[in-house]
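# Descriptive structure summary
The lines below spell out each chain.
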Amino acid sequence: MAQSAVSTTIAPPPAVRDVVELLKPITWFPPMWALLCGVVSSGVPITSRWTFLLAGIVLTGPLVCGTSQAVNDWFDRHVDAINEPDRPIPSGRIAGKWGLGIAIIWTVLSLAVAAMTGRWVLAATFVGLICAWGYSAPPFRFKTSGWIGPAVVALTYEGLSWFTGASVMAGALPAAHILITLVLYSVGAHGIMTLNDFKAVEGDRATGLRSLPVVLGERRAALLACVVMAVPQAVVVALMLAWGHVISSVIVAVLLVVQLALMPRLVSAPARHAPWYNATGVSLYVLGMMAASLGLGGYL
């Protein structure tokens with residue numbers, strides 16, 4: 001009998017290139033950018049703790065984010081066999097239980113590296129890994145909820161990565177101003193994650209995933225995403241001004257105004273324009289993150 005593409009029998013180790021594809025390096029950039037924001041916001045010179053910085057980069061990108069991708073592909077392997085049959089697991093290039101094994105190995109490696117960089121980084125990494133498994137694995141499967149799923153991804157990709165960058169440089173719990181700012185940008189990132197759901201509305205309806213575009217309708221979901229993205233940035237503008245970071249406040253405000261000018265086109269046809277807004281409005285959003293970080297770190 002031919003081996004099934006999603007077989008869980010014993011199989012030989014996969015090729016390195018297939019493991020790399022499973023870990024999806026293209027998805028590592030957002031958490032690594034947030035990590036860099038955390039590093040800058042700490043105000044600590046990079047040269048003074050560059051080894052810890054390298055550990056943080058490895059943690060947020062290849063390890064924790066890579067773990068989340070491996071976990072997701074393993075528990076979605078039957079769905080991917082229909083929608084993305086060329087992915088490493090459904091194609092059989094990563095056969096048997098190797099997909100699950102890689103996810104477990106990467107989880108252990110993540111915790112080991114985090115343990116060497118300090119207790120706060122270890123705590124953030126532990127929470128991130130819990131979110132990574134809970135997002136895709138039963139019984140939680142947070143991804144099936146349009147409210148909880150995007151919140152979990154926003155927390156891990158933005159908030160925890162920023163926290164890791166700041167704490168790995170400071171060697172301690174980040175300052176209150178940094179924590180407040182990273183929480184606000186994490187809340188706003190919920191809207192960004194909602195935009196990603198517009199590309200799979202029909203598939204979500206067919207498979208029972210209750211994304212916000214499915215639950216609320218595309219236009220209402222787009223309006224909500226815009227509000228969720230804009231309001232935290234407006235609060236950041238006010239806080240930066242109150243904290244004396246005038247230049248950062250002005251930069252974030254200008255970037256927000258441009259985003260607001262782009263949002264009507266997104267709302268007019270969300271499914272069609274979501275990729276365009278990701279390339280324009282979301283890029284401005286993450287630039288605002290860095291502008292805020294530069295102010296917090298004393299560079300502006």
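Structure's up top.
Summarised in this report is the structure supplied together with it. (Residues numbered from 1 in each chain as written. Predicted model: local features only at pLDDT ≥ 70, side-chain atom pairs only at ≥ 80, totals over all residues. Heavy atoms only, no water.)

### Quick notes on the overall build of the chain
Along its length, the chain carries 13 helices and 0 strands. Over its C-alpha trace the chain gives a radius of gyration of 20 Å, about what one expects of a compact globule, namely 19 Å for 300 residues. In terms of principal-axis extent, the alpha carbons of the chain reach across some 70 × 50 × 30 Å. For the chain, buried positions account for 51% of its 300 residues. Across the chain, the fraction of contacts at a sequence separation of at least 24, relative to all contacts at a separation of at least 6, is 73%. Approximately 13500 Å² of the chain is accessible, and the part contributed by carbon and sulfur atoms is 72%. (Helix = DSSP H or I, 4+ residues; strand = E, 2+ residues; numbered from the N terminus. Rg over C-alpha atoms; globule rule 2.2 N^0.38 Å. Buried < 20%, exposed > 50% of the residue type's maximum accessible area, 1.4 Å probe, protein only. Contact = heavy atoms within 4.5 Å. Areas by Shrake-Rupley, 256 points an atom, 1.4 Å probe, with all protein chains shown as cover.)

### Some words on the nonpolar core
Residues Trp162, Tyr185, Leu195, Tyr277 and Met289 are the most contacted members of the largest nonpolar core, which totals 62 residues. Among the elements that make up this core, the one with the highest residue count is helix 13 (residues 270–296) (11 residues). When near neighbours in sequence (up to four residues on either side) are disregarded, tryptophan 162 contacts Ala34, Leu35, Cys37, Gly38, Ser41, Ile178, Thr181, Leu182, Tyr185, Met289, Ser293 and Leu296. Judged by nonpolar contacts, the second largest core, of 14 residues, contains Leu53, Val64, Leu129 and Val168. (Core = buried A, V, L, I, M, F, W, Y, C linked by side-chain atoms within 4.5 Å.)

### Examining the packing of helix 3 (residues 50–75) against helix 7 (residues 148–170)
Two elements in contact, helix 3 and helix 7, have axes whose closest approach is 9 Å; the angle formed by their N-to-C orientations is 155 degrees. On the basis of the axis angle, helix 3 is roughly antiparallel to helix 7. Our pair here, helix 3 against helix 7, has a crossing hand that is right-handed. Contacts between helix 3 and helix 7 involve Phe52, Leu53, Thr60, Cys65, Ser68 and Gln69 from the former and Tyr157, Ser161, Thr164, Val168 and Met169 from the latter. Split into classes, the residues belonging to the contact of helix 3 with helix 7 amount to 6 nonpolar, 5 polar and no charged. (Axes fitted to C-alpha atoms, helices over the stretch in contact; angles between N-to-C directions. Parallel < 35°, antiparallel > 145°, perpendicular 65-115°, else oblique. Left-handed = near helix turned anticlockwise from the far one by under 90°. Nonpolar A, V, L, I, M, F, W, Y, C, P; charged D, E, K, R; others polar.)

### Observations concerning the pattern of salt bridges
Where charged atoms from two side chains of opposite charge approach closely, those side chains can pair. According to the stated counting rule, one finds 7 salt bridges in the structure shown. A salt bridge links arginine 93 to aspartate 18; the shortest N-O distance between them is 2.6 Å. Here aspartate 18 lies in helix 1 (residues 16–23) and arginine 93 lies in the loop between helix 4 (77–83) and helix 5 (98–115), a separation of 75 residues in the sequence. Under the relative-accessibility criterion, arginine 93 is labelled partly exposed at 31%. Assessed through its relative accessible area of 5%, aspartate 18 is described here as buried. A salt bridge links aspartate 76 to lysine 143; the nearest nitrogen and oxygen atoms lie 2.3 Å apart. Highlighted residues: aspartate 76 in the loop between helix 3 and helix 4 and lysine 143 in the loop between helix 6 (119–136) and helix 7, separated in sequence by 67 residues. By the burial criterion, aspartate 76 is buried, and lysine 143 matches it. What you see here is one network of salt bridges that share partners, running through Asp18, Glu21, Lys24, Asp73, Arg87 and Arg93. (Salt bridge = Lys/Arg side-chain N within 4 Å of Asp/Glu carboxyl O.)

### So, unusual backbone geometry
Omega for the bond connecting proline 138 with proline 139 falls within 30 degrees of zero, at 10 degrees, which places this linkage in the cis form. Topologically, proline 139 is positioned in the loop between helix 6 and helix 7. A positive phi angle, close to 50 degrees, is found at lysine 24, a residue other than glycine. With respect to the helices, strands and loops of the structure, lysine 24 is situated in the loop between helix 1 and helix 2 (29–42).

### Thoughts on the environment of leucine 155
As for its position among the elements, leucine 155 is in helix 7. Separated by 87 residues in sequence, leucine 155 and alanine 242 have C-alpha atoms that sit 25 Å apart.

### Notes on the environment of methionine 240
By the element assignment, methionine 240 lies in helix 11 (residues 218–242). Among the residues examined, methionine 240 registers a relative accessible area of 0% and is labelled buried. Between the alpha carbons of methionine 240 and valine 40 there is a distance of 15 Å; along the sequence they are 200 residues apart. Once residues within four sequence positions are removed from consideration, methionine 240 is found in contact with Thr181, His245, Val246, Ser248, Ser249, Ala292 and Leu296.

### Thoughts on the packing of helix 12 (residues 246–268) against helix 13
The geometry of helix 12 relative to helix 13 is characterised by a closest axis approach of 9 Å and an angle of 170 degrees between their N-to-C directions. Comparing the axis directions of helix 12 and helix 13 gives the class roughly antiparallel.

### Digging into the packing of aromatic side chains
Applying the stated rule across the entire model yields 7 aromatic pairs. Judged by centre distance (5.6 Å) and plane angle (35 degrees), the ring pair of phenylalanine 140 and phenylalanine 142 falls under tilted. Seen from their ring centres, tryptophan 276 and tyrosine 277 are 6.2 Å apart, and the 65 degrees between their planes marks the pair as edge-to-face. Classification of tyrosine 277 by relative accessible area gives buried; the value is 0%. An aromatic cluster is defined as three or more aromatic residues linked by ring pairs; in this entry it consists of Trp162, Tyr185 and Tyr285. In this structure, arginine 77 packs its charged tip against the face of tryptophan 74, placed 3.9 Å from the ring centre. (Phe/Tyr/Trp six-rings, centres within 6.5 Å; stacked < 30°, edge-to-face > 60°. Lys NZ or Arg CZ within 6 Å of the ring centre and 35° of its normal.)

That is the geometry; function is a separate question.
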